[in-house]
Amino acid sequence: MSPLATIVLSYLIAIFGGHVFTKGILKLVPLQSSSQGIVRAGAIIGFLERALIISFVIMQEYSLIGFIVAAKSIARFEELKERNFAEYFIVGTHASTLFAVLVGMFLAYYLGEL
């Protein structure tokens, strides 16, 4: 497989596979509140977050992963005061980040960057 195909496949696996993985993990800790927000905004944020994380891992800019977590936390600051939501948010963020980092590390290793 060509390096370009591997890169594209890795991004697709991380973005969409990470979505399925994170949804599966979050089913273990269902959120009880019914806060209304933009429809599917969490999924879209997750897609973007995983794509950024893979890019940061390949560039060996691991500290920028913390930037993503910080930005999400600032955006959700008020909601994080509710314990159920905070735990749900943390589990989802960690599951999504873990999946993306693992795919990014695989890709970096494949490309000879690790």
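I will try to describe carefully the structure that is included in this document.

From N to C terminus, the protein includes 4 helices and 0 strands. Going from N to C terminus, the protein has its helices and strands arranged as α-α-α-α. Scaling as 2.2 N^0.38, a compact globule of 114 residues should have a C-alpha radius of gyration of about 13 Å, and the protein matches this with 15 Å. Across its three principal axes, the protein shows a C-alpha extent of roughly 45 × 25 × 20 Å. When burial is assessed residue by residue, the protein has 31% of its 114 residues classed as buried. Within the protein, contacts between residues at least 6 apart in sequence are counted, and of these 76% link residues at least 24 apart. Just so you have it, the protein exposes about 7300 Å², and 71% of that area is on carbon and sulfur atoms. The average position of the 8 basic charges and that of the 7 acidic charges among the side chains of the protein differ by 9 Å.

As a further point, take a nonpolar patch on the surface. Residues Phe21, Tyr62, Leu98, Leu102, Met105, Tyr109 and Leu114 make up a contiguous nonpolar surface patch of roughly 730 Å² in combined accessible area. By secondary structure assignment, the location of tyrosine 109 is in helix 4 (residues 83-110).

To continue, consider helix 2 (residues 41-58). The end-to-end C-alpha separation of helix 2 is 26 Å, in line with the 26 Å expected for 18 residues at 1.5 Å each. Where helix 2 is buried, its residues contact helix 1 (3-26), helix 3 (63-75) and helix 4. At the C-terminal side of helix 2, glutamine 60 shows a positive phi close to 60°.

Relative to the assigned elements, serine 96 resides in helix 4. Within the structure, serine 96 has its side chain in polar contact with the side chain of glutamate 49 (distance 2.7 Å).

Viewed as axis vectors pointing N to C, helix 1 and helix 4 meet at an angle of 160°, and their least axial separation amounts to 9 Å. With respect to helix 4, the element helix 1 is oriented roughly antiparallel. Viewed along their axes, helix 1 and helix 4 form a crossing whose handedness is right-handed.

Okay, the environment of leucine 80 next. Tracing the backbone through its elements, the reader meets leucine 80 in the loop between helix 3 and helix 4. Of the residues examined, leucine 80 reaches a relative accessible area of 24% and is grouped as partly exposed. Measuring from C-alpha to C-alpha, the distance between leucine 80 and isoleucine 90 comes to 9.4 Å, with 10 residues separating the pair along the chain. Apart from residues lying up to four places away in sequence, leucine 80 is in contact with Ser73, Phe85, Ala86 and Phe89.

Turning to the pattern of salt bridges, a few remarks are in order. Scanning the entire structure with this criterion turns up 4 salt bridges. For arginine 76, the salt bridge goes to glutamate 79, with nearest N and O atoms at 3.1 Å. Taking the relative accessible area as the measure of exposure, arginine 76 reaches 29% and is therefore partly exposed. The salt bridge partner of glutamate 78 is lysine 81, with a shortest N-O separation of 3.5 Å. Exposure class is identical for glutamate 78 and lysine 81. Each is exposed.

Calculation criteria
Residues numbered from 1 in each chain as written. Predicted model: local features only at pLDDT ≥ 70, side-chain atom pairs only at ≥ 80, totals over all residues. Heavy atoms only, no water. Helix = DSSP H or I, 4+ residues; strand = E, 2+ residues; numbered from the N terminus. Rg over C-alpha atoms; globule rule 2.2 N^0.38 Å. Buried < 20%, exposed > 50% of the residue type's maximum accessible area, 1.4 Å probe, protein only. Contact = heavy atoms within 4.5 Å. Areas by Shrake-Rupley, 256 points an atom, 1.4 Å probe, with all protein chains shown as cover. Lys, Arg positive; Asp, Glu negative; His and termini not counted. Charge placed at Lys NZ, Arg CZ, Asp CG, Glu CD. Patch = residues over 30% accessible without salt bridge, like charges linked within 9 Å, V, L, I, M, F, W, Y side chains within 5 Å. Salt bridge = Lys/Arg side-chain N within 4 Å of Asp/Glu carboxyl O. Expected span 1.5 Å × (residues − 1). Polar contact = N/O pair within 3.5 Å; in protein donor to acceptor, adjacent residues only side chain to side chain. Axes fitted to C-alpha atoms, helices over the stretch in contact; angles between N-to-C directions. Parallel < 35°, antiparallel > 145°, perpendicular 65-115°, else oblique. Left-handed = near helix turned anticlockwise from the far one by under 90°.

All we've got here are geometric facts, nothing functional implied.
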